[in-house]
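Structure assessment
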There are 2 protein chains.
Amino acid sequence: MPGTVDFWFDFASTYSYPAAMRIGALAADAGVAVRFRPFLLGPIFQAQGWNTSPFNLQPAKGRYMWRDLERLCGELGLPFRRPEPFPQHSVLAARVGLYALDHTWGEDFCRALFRAEFGGSSRIDDAATVGRVLAGLGVEPAPALAAAQSDPIKARLRAQTEEARQRGIFGAPSFVTVDGELFWGNDRLEMALRWANHGGDAR
Amino acid sequence: MPGTVDFWFDFASTYSYPAAMRIGALAADAGVAVRFRPFLLGPIFQAQGWNTSPFNLQPAKGRYMWRDLERLCGELGLPFRRPEPFPQHSVLAARVGLYALDHTWGEDFCRALFRAEFGGSSRIDDAATVGRVLAGLGVEPAPALAAAQSDPIKARLRAQTEEARQRGIFGAPSFVTVDGELFWGNDRLEMALRWANHGGDAR
């Protein structure tokens, strides 16, 4: 029986970008099913007393992160252009992402929005950006944006963020196997896929 | 001409343990020379207003780290027993490490002390532990411990820690190439070795 991994991400999270671009092919190779689960890191950071990304609160770590992300994208052949401001407000993106993932084009939407943000330096809090990404997938923007701002989607995003916290998630991307094993960071994607298939016997 | 990587580590740093155990063979395979450079993370953390490890300040991240380290050690076949307390005071270890690295048995000392700490849950702030590790390498403990507590070694450790800060190091392990490229974390060891040999053309 194939394993399943929940892929928890925030659209504002830098390392969620390479993870989102890599996970499809790697999971297919591993025979693991993936569920894309957008959530909001903001409330989790705020509960720790942080009012912005730790990459802004710790300048040396932040400078490093941008250089590291640039190198990573270079090795992966992914376009990279640093978005301003950082972090982007990701509430709109997460709501549209949740709505999109009820449809066959949901994962394509997530990848295209990440690419617009970190590959094209587009603002994801701008409905024009999100609409352009939707249109690029052949989806009419106005009804999708309206549906994404509905009360049921808003409530689902709040619940999803609360579930992330309850699962012990403190950063993004994170990967969680069906038996609750947590893996944090783009660097742990391969290990998460091994564990999804073999549990503690993964070597 | 072979590349060189400076391996910056703190003996109290959890992920410095697998990095120290892995770097020798990987660097030899890559044809890269490595310089072991112990330093103290404490002053760098204190400059950020932290009085202990971020793994203690952020409980969810700390819980995750211990589980992650246990899994990593399992995959690498390294013994793992969580040391108490955490973090250990690593001043004595770093001084003896600096002294040791002036000798042919220096890297063996570093690996053996990491193994005692994270594989055997021994206290590295205890001269008895350090002495036992020295004796295991055929080194007479008392003169080595005395030399390591000399003023010149103390001054070198302070200078080394200041150099780490100036190089932008904010955590351990870190790897720095001769052209100043910084890589943070055990997960970046392989990439650092590629960059040491090929610079920005590493793929």
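Calculation criteria
- Residues numbered from 1 in each chain as written.
- Chains lettered and ligands numbered in written order.
- Predicted model: local features only at pLDDT ≥ 70, side-chain atom pairs only at ≥ 80, totals over all residues.
- Heavy atoms only, no water.
- Least-squares fit on C-alpha atoms with pLDDT ≥ 70 in both.
- Contact = heavy atoms within 4.5 Å.
- Buried < 20%, exposed > 50% of the residue type's maximum accessible area, 1.4 Å probe, protein only.
- Helix = DSSP H or I, 4+ residues; strand = E, 2+ residues; numbered from the N terminus.
- Pairing = 2+ DSSP bridges.
- Axes fitted to C-alpha atoms, helices over the stretch in contact; angles between N-to-C directions.
- Disulfide = S-S within 2.5 Å.
- 1 Å grid on protein atoms, 1.4 Å probe; cavity = no way out; pocket = protein on both sides within 12 Å on 5 of 7 lines; lining within 4 Å.
- Points joined across faces, edges and corners; volume = space filled by probe spheres on them.
- Right-handed = clockwise from strand over helix to strand, strands pointing away.
- Arc of directions from axis to C-beta.
- Buried area = accessible area lost by both parts, 1.4 Å probe.
- Salt bridge = Lys/Arg side-chain N within 4 Å of Asp/Glu carboxyl O.
- Phe/Tyr/Trp six-rings, centres within 6.5 Å; stacked < 30°, edge-to-face > 60°.

Before going further, it helps to examine the relation of the copies chain B and chain A. Note on the identical chains: chain B maps onto chain A by a rotation of 180° and an axial translation of 0.0 Å, with an RMSD of 0.0 Å. Look at the turn and shift together and you get a two-fold axis relating the two. Looking at the rotation axis and the C-alpha trace of chain B, the residue lying nearest is D187(B), at 3.4 Å. With an isologous cut-off of 70% or more, the 100% of interface residues of chain B that recur at the interface of chain A puts this contact in the isologous class.

For the rest of this paragraph, the subject is helix α10 (residues 189–198) of chain A. When α10(A) is considered as a whole, its buried residues turn out to be L189(A), M191(A), A192(A), L193(A), W195(A) and A196(A). Buried residues along α10(A) sit against β1 (4–9), α1 (16–30), β3 (174–177) and β4 (182–184) of chain A together with α4 (59–76) of chain B.

All names here are of chain B. With mixed pairing, the 4 strands of this open sheet are ordered in space as β2-β1-β3-β4. Each edge of the open sheet is held by one strand with a lone partner, namely β2 (33–38) and β4 (182–184). Each strand of the sheet is rotated relative to its neighbour by a mean of 20°, with strand direction disregarded. As defined by bridge partners, strand β3 (residues 174–177) adjoins β4 across 3 bridges and the pair is classed as antiparallel. What sits directly across from S174, in β4, is W184. Contacts between helix α9 (residues 151–166) and the sheet are confined to β1 (4–9) and β2, with β2 contributing the most and set at about 110° to the helix.

It is worth spelling out the state of the cysteines at this point. Residues and elements named next belong to chain B. The full count for this structure, using the stated rule, is 0 disulfides over all chains. Just so you know, C73 is unpaired, no disulfide at all, and the nearest cysteine sulfur is the one on C110, 17 Å from it. According to the relative accessible area criterion, C110 is buried, its value standing at 0%.

The subject of this paragraph is the layout of surface pockets. Of the pockets and cavities examined, the second largest pocket occupies roughly 580 Å³. Around the second largest pocket, the lining comprises 20 residues; the ones closest to its centre are D187(A), R188(A), E190(A), D187(B) and E190(B). Taken together, the elements giving at least two residues each to the lining of the second largest pocket come down to α4 (59–76) and α10 of chain A together with α4 and α10 (189–198) of chain B.

Residue and element names in this part refer to chain B. For β1 and β2, the ladder comprises 6 bridges, and the chain directions are parallel. In the strand pairing of β2, F7 is matched with F36. Tracing the backbone out of β1, into helix α1 (residues 16–30) and back to the parallel element β2 gives a crossover that is right-handed.

Residues and elements named next belong to chain A. Overall, mixed pairing links the 4 strands, which are arranged β2-β1-β3-β4 in an open sheet. Two strands in the sheet have a free side with no partner beyond their single neighbour: β2 (33–38) and β4. Across the sheet, the mean angle from the axis of one strand to that of its neighbour is 20°, orientation sign disregarded. Packing of helix α9 (residues 151–166) onto the sheet brings it into contact with β1 and β2, and relative to β2 it is tilted by some 110°.

All names here are of chain B. Here β3 shows no split at all, with S174 and V176 on one side and F175 and T177 on the other all buried. Note that β1 and β3 share 4 bridges and pair antiparallel. Counterpart to D6 in the pairing with β3 is V176. In textbook terms, the turn of a hairpin is the stretch between consecutive antiparallel strands, and for β3 and β4 this stretch comprises 4 residues, one of which, G180, has a positive phi near 85°.

What follows covers helix α8 (residues 141–148) of chain B. Residue and element names in this part refer to chain B. For α8, the full list of buried residues reads A144, L145 and A148. The arc that holds the buried residues of α8, viewed along the axis, is 100°, so those residues lie on one side. Those residues of α8 that are exposed and aimed more than 90 degrees away from the buried face are A142 and A146. At its buried positions, α8 is contacted by α5 (91–100), α7 (127–136) and α9.

Quick look at the interface of chain B and chain A now. Listed per partner, the contact involves 26 residues of chain B and 26 residues of chain A. Contact between chain B and chain A buries roughly 2,500 Å² in total, counting both sides, with carbon and sulfur atoms accounting for 50%. A per-residue breakdown of the area chain B buries against chain A is headed by Y64(B), R71(B) and E75(B), which together make up 26% of the total. The tally of links from chain B across to chain A stands at 10 salt bridges.

Attention now moves to the packing of aromatic side chains. For the coordinates displayed, the defined rule picks out 40 aromatic pairs over all chains. Here the aromatic rings of F7(B) and F36(B) are separated by 5.1 Å at their centres, their planes lie at 90°, and the arrangement is edge-to-face. Here F36(B) lies in strand β2 and F7(B) lies in strand β1, a separation of 29 residues in the sequence. Given the relative accessible area of 0%, F7(B) is considered buried. For F36(B), a relative accessible area of 9% puts it in the buried group. Considering the side-chain rings of F7(B) and F175(B), the 5.6 Å spacing of their centres and the 15° angle between planes classify their relative orientation as stacked. Taken together, the positions of F7(B) in strand β1 and F175(B) in strand β3 put the pair 168 residues apart, joining distant regions of the chain. Given a relative accessible area of 0%, F175(B) falls into the buried group. Members of the aromatic cluster, each reached through a chain of ring pairs, are F7(A), F9(A), F11(A), Y17(A), F36(A), F109(A), F114(A), F118(A) and F175(A).

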